[in-house]
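Spelled out, the chains give:
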Amino acid sequence: MKRLPALILISVLLAGCGSSEKTDGPVELTWWHGQVESQAKVVEQLAADYNKTHPGVKVVPAVGTTNVDDMLQKVQAALAGGKAPDIAYMYGTWMPHLAKNPQVYDLTATVKAPSFGWDDFWPSERAVSEVGGKVVGVPAVVDNLAVIYNKKLFDAAGAKYPDKNWTWDDFRAAARTLTRDGVYGTAYPVTGSEDTVWRLWPMVWQQGGAIVTPDGKKSAFNTPQAAQALDLWAQMAHQDKSVYLDQNGEKFLPLFQSGKVAMVIAGPWALLDVIDHKIDYGVQVLPGYNGNHETIAGPDNWVVFNNGSRRAKAAADFLTWLTRPEQDARWTLGLGNLPLRKATTALPAYQAFTKRFPSVDVFTENLDNAKQARPRIPSYPEFSEKVGNAIAEALQGSTPAAQALTEAAADADTVLGRAG
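Residues numbered from 1 in each chain as written. Predicted model: local features only at pLDDT ≥ 70, side-chain atom pairs only at ≥ 80, totals over all residues. Heavy atoms only, no water.

1. Some remarks on the pattern of salt bridges
So the rule is basically this: A pair is scored as a salt bridge if a Lys or Arg side-chain nitrogen falls within 4 Å of a carboxyl oxygen belonging to Asp or Glu. Each helix is a run of H or I in the DSSP string that is no shorter than four residues. Each strand is a run of E no shorter than two, and both are numbered from the N terminus. Only protein chains enter the accessibility calculation, which uses a 1.4 Å probe. A residue is then buried if its area is under 20% of the maximum for its type, exposed if over 50%, and partly exposed in between.
All chains considered together, the criterion is met by 12 salt bridges. For Arg172, the salt bridge goes to Asp240, with nearest N and O atoms at 2.7 Å. Of this pair, Arg172 sits in helix H7 (residues 168–178) while Asp240 sits in helix H10 (residues 224–240), and the two are 68 residues apart along the sequence. With relative accessibility at 15%, the residue Arg172 sits in the buried group. A residue is classified by how much of its surface remains accessible, and Asp240, at 16% relative accessible area, is buried.

2. Regarding H7
Here is the rule: Along the arc lie the directions from the helix axis toward the C-beta atoms. Any two residues whose heavy atoms approach within 4.5 Å at even a single point are treated as in contact. The term polar contact refers here to a pair of N or O atoms within 3.5 Å; inside protein, the definition further demands a hydrogen-donor-capable atom paired with an acceptor-capable atom, and it admits residues adjacent in sequence only when both atoms are side-chain atoms.
Listed as buried for H7 are Trp168, Phe171, Arg172, Ala174, Ala175 and Leu178. Looking straight down H7, one finds its buried side chains confined to an arc of 165°; they lie on one side. Where H7 is buried, its residues meet strand E7 (146–150), helix H6 (151–157), strand E8 (186–189), helix H9 (201–206), H10 and strand E10 (263–266). For H7, the side-chain oxygen to backbone nitrogen distance between the N-cap and Asp169 is 3.4 Å, and the N-cap itself is Thr167.

3. Side note on the side chain of Thr110
Considering the arrangement of structural elements, one finds Thr110 in helix H4 (residues 108–112). Owing to a relative accessible area of 17%, Thr110 belongs among the buried residues under this scheme. In contact with Thr110, other than residues within four places in its own chain, are Phe116, Ala316 and Thr320.

4. Considerations on helix H2 (residues 71–80)
Of the positions making up H2, those classed as buried are Met71, Leu72, Val75, Ala78 and Leu79. The buried side chains of H2 occupy one side of the element, clustering within an arc of 125° when seen end-on. Opposite the buried face of H2, at more than 90 degrees from it, the exposed residues are Gln73, Ala77 and Ala80. Against strand E1 (27–32), strand E3 (87–91) and helix H3 (95–99) lie the buried residues of H2. With its phi angle positive at about 75°, Gly82 sits one or two positions after the end of H2.

5. Things to note about the sheet that holds strand E11 (residues 281–284)
Backbone-to-backbone hydrogen bonds pair the strands of a sheet. The strands run either parallel or antiparallel. Basically, it comes down to this: In short, DSSP must find at least two bridges between two strands for them to pair. Here an axis means a line fitted to C-alpha atoms, over the contact stretch when the element is a helix, while the angle between two N-to-C directions is reported on a 0 to 180 degree scale.
Pairing in this open sheet of three strands is antiparallel, and the strands run E10-E7-E11 from one edge to the other. Single-partner strands in this sheet number two, and they are E10 and E11. Recorded for the sheet is a direction-independent mean angle of 25° between the axes of neighbouring strands. Looking at chain direction, E7 and E11 are connected through four bridges and run antiparallel.

6. A few points about the sheet that holds E1
Across the sheet, five strands lie side by side as E2-E1-E3-E12-E6; this open sheet has mixed pairing. What marks the edges here is a single partner per strand, and that holds for strand E2 (57–62) and strand E6 (137–141). On average, each strand axis in the sheet is tilted by 30° relative to the strand beside it, whichever way the strands run. Pairing geometry for E1 and E3, over two bridges, is parallel. Bridging across to E3, Trp31 finds its partner in Ile87. This element, helix H1 (residues 37–53), spans E1 and E2 of the sheet and lies at about 175° to E2. Each of E1, E2, E3, E6 and strand E12 (300–304) is contacted by helix H13 (residues 309–322), which is oriented at about 60° to E1, the strand it contacts most.

7. Focus: the environment of Tyr91
Assignment of secondary structure puts Tyr91 in strand E3. Taking C-alpha positions, Tyr91 is 15 Å from Asn337, a pair spaced 246 residues apart along the chain.

8. As for unusual backbone geometry
You will see that Asp181, though not glycine, has its phi angle at about 55°, which is positive. For Asp181, the position within the fold is in the loop between H7 and E8. Of note, the phi angle at Ser359 is positive, near 70°, even though the residue is not glycine. Following the sequence through the fold, Ser359 ends up in the loop between helix H15 (348–356) and helix H16 (360–366). The exposure class assigned to Ser359 is partly exposed, which follows from its relative accessible area of 25%.

Take a look at the structure:
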């Protein structure tokens, strides 16, 4: 999935510390944060402030890897070499894999402490953090999908702006109306990656469906309702010609920014560039089925690695401090991300944030519509790939939606069978 520009990393030397634990003197913690340039300055200031007020601890921030996509591999190599960071920024989809590693510190007691305020985080964040009763990480970034639309193009086409009660049929009709004069009504990335897949899951959930069975051993997405959802997109692409099919997932947002696409399903990370391009935009929740406008969130986490009890506890204490509302405002809002905690929205910093990013509050409120998490199974990345390929085939080729999903379910069941 796409991330804010803040998560596009530059090359730096790895900063690690050995696994042997000192028993005296300040505790030194290595924090792989995954930020660059001006964003890294926010991180460095947070670490400096913590170090000033906690003289027994020295938090040493470092990027950790040139691309967050490679963070898991880098951490695994560091673990094998005995030089793991104490804290690392990790994608939420990696939590099931990390939960199996005994060197990942269990944060359950940390987040359940009354002073932590675990219930102040949105359910979608907490769901991704917990695997099999173990809290593997604490939220670092959260986002969700909604519709960003170009008001000028709506006005030119005489189309009504979407409201919070709109349906997928309304979405299709609007896209058809907006497709004119070299403008596409909407777009869909057909890379076959998770960027392709996570746009379908809300449509499945909105109709009461599931991705896998409760035991995680079989796929559950191959239903008439899911086929109907995918078929809607296929009809928009093939019949209406209202969908720009983005082959590499890198063009649809620039096309929106240049006024060539009228609506995009995206997250808050897209707003900075939209504002920079002076687009008169609005944000609305996803269209729904039968009044259900469920969306999907993409939380990522801070994960603690056990380099000895003293360091692990110090790392957990630091994350408790970092995720308090005052620091949350500096970390998330300062980087253009949504707040991690509901309490953060009551701070003056959040009001300033909504002025910098008009309609971002729709994304924040939309976190209440993120009620489910993607399957917390280690094989999800491979499972997702099978579904992504099916979606791409249905939208780009002539494979009927029902057939594509049936074939994907068979392949996905094979993946789950190997994992089980």
